[in-house]
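# Architecture and fold: a report
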Amino acid sequence: MTEMESRQERFDAFTVRMAIQLAAPHTWPAAILPCLIAVCAASVFSEAVSISLAIVLLAICILMQSAVNTFNDYYDFVKGTDSLDDNVEKSDATLVYNNVNPRTARNLALGFLAAAFVLGVYVIYYAGWIPLVIGIIGAFFVVVYSAGKTPISYLPLGEAVSGIVMGGLIPLACYQALTGRLDFAVLLWAVPEIIGVGLIMLTNNTCDREKDVESGRKTLPCLLGRNRALKLYHAALVVWVCAIAALCALFFGRGLIIVPFMLLASYPLLKALFANPLVPASRIGAMAQICSVNIALGAFYAAAIMANSTAAFVL
């Protein structure tokens, strides 16, 4: 028996619960909300929106997000970046806290991508090849975000790439599939989602700054330093809210009535996030807070867009 076979025999069984933990459902708003924004925008600028197609697009987005999460956990584990000393919940570090074969996680990530492309066949049949091209671009960044000698997540590009790919390309592809039109104005309407998704990464990287410096990572907070990273973070939160109000005023005027309610509902969440020092000890709370703010602002922005809807929803 080889040494590898001996090690594999000692691995515990990989369970459905572990697969769900690797998929990280608590991060799915980063995929769901951009898709929702596209559906709402399509309902404003087209005569009809297919509910079945919207559901398939949503499933693809969730599968892609699950692949990102699983790949990230796999590569961080095999490179030794994740450890028991990190301030993370056990459900967010499945490979660290469970004696399972890491290759199983890698195969699961590939399975998520394969399932997304299988569902993509329906989208291609319905909407043509453009969503496929955008999807391939997205899949490429899903892999290189965590894989390779110097993955994107180790560079000061992580926030921008994750924001543009998840917050920008998802609405662009979904809008094209739903309307049949490739309209790059969607990227402008998606600016709040680009900022929101990017801030999820910036939250994580700012909390992990000292650990990342020691491991040789060159994330944005590593280069900026903690104080400047916090200033950038707080400025981005303000721009995020202002962008929603400005886009509603310019493109979705009827939705302006929703903006005050958005401010009232999100103020306590934003206040708590502003007060968070984004240090390792507050990492768990910070990640929960930024996800909550994403849900709140994204949902209200979607509702503001939907207030302008004139389309019929069909099967």
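Scope of this entry: the structure provided in the associated data block. Note that the structure is a prediction, hence the values are computed from the model and not measured. (Residues numbered from 1 in each chain as written. Predicted model: local features only at pLDDT ≥ 70, side-chain atom pairs only at ≥ 80, totals over all residues. Heavy atoms only, no water.)

Further remarks concern the environment of Ser292. If you trace the backbone, Ser292 turns up in helix H15 (residues 283-306). In the structure, Ser292 is positioned 74 residues away from Lys218 in sequence and 27 Å away in space, judged by C-alpha atoms. (Helix = DSSP H or I, 4+ residues; strand = E, 2+ residues; numbered from the N terminus.)

Our focus in this paragraph is the environment of Met306. Note on placement: Met306 falls in helix H15. Counting along the chain gives 52 residues from Met306 to Arg254, while the straight-line C-alpha distance between them is 9.0 Å. Excluding its chain neighbours within four sequence positions, the residues that come into contact with Met306 are Cys40, Ser43 and Phe313. (Contact = heavy atoms within 4.5 Å.)

Before going further, it helps to spend a moment on helix H8 (residues 158-179). Relative to the 32 Å expected for 22 residues at 1.5 Å per residue, H8 spans 30 Å between its end C-alpha atoms, a close match to the ideal helical length. In terms of burial, H8 is largely enclosed, as 20 of its 22 residues are buried. One or two residues past the end of H8 sits Gly180, with phi positive at roughly 80 degrees. (Expected span 1.5 Å × (residues − 1). Buried < 20%, exposed > 50% of the residue type's maximum accessible area, 1.4 Å probe, protein only.)

Its identity is not glycine, yet Ala24 carries a phi of approximately 55 degrees, on the positive side. Examined against the element boundaries, Ala24 turns out to sit in the loop between helix H2 (16-23) and helix H3 (29-45). Residue classification places Ala24 among the buried positions, given a relative accessible area of 7%. Its identity is not glycine, yet Leu278 carries a phi of approximately 55 degrees, on the positive side. Within the secondary structure layout, Leu278 lies in the loop between helix H14 (259-275) and H15.

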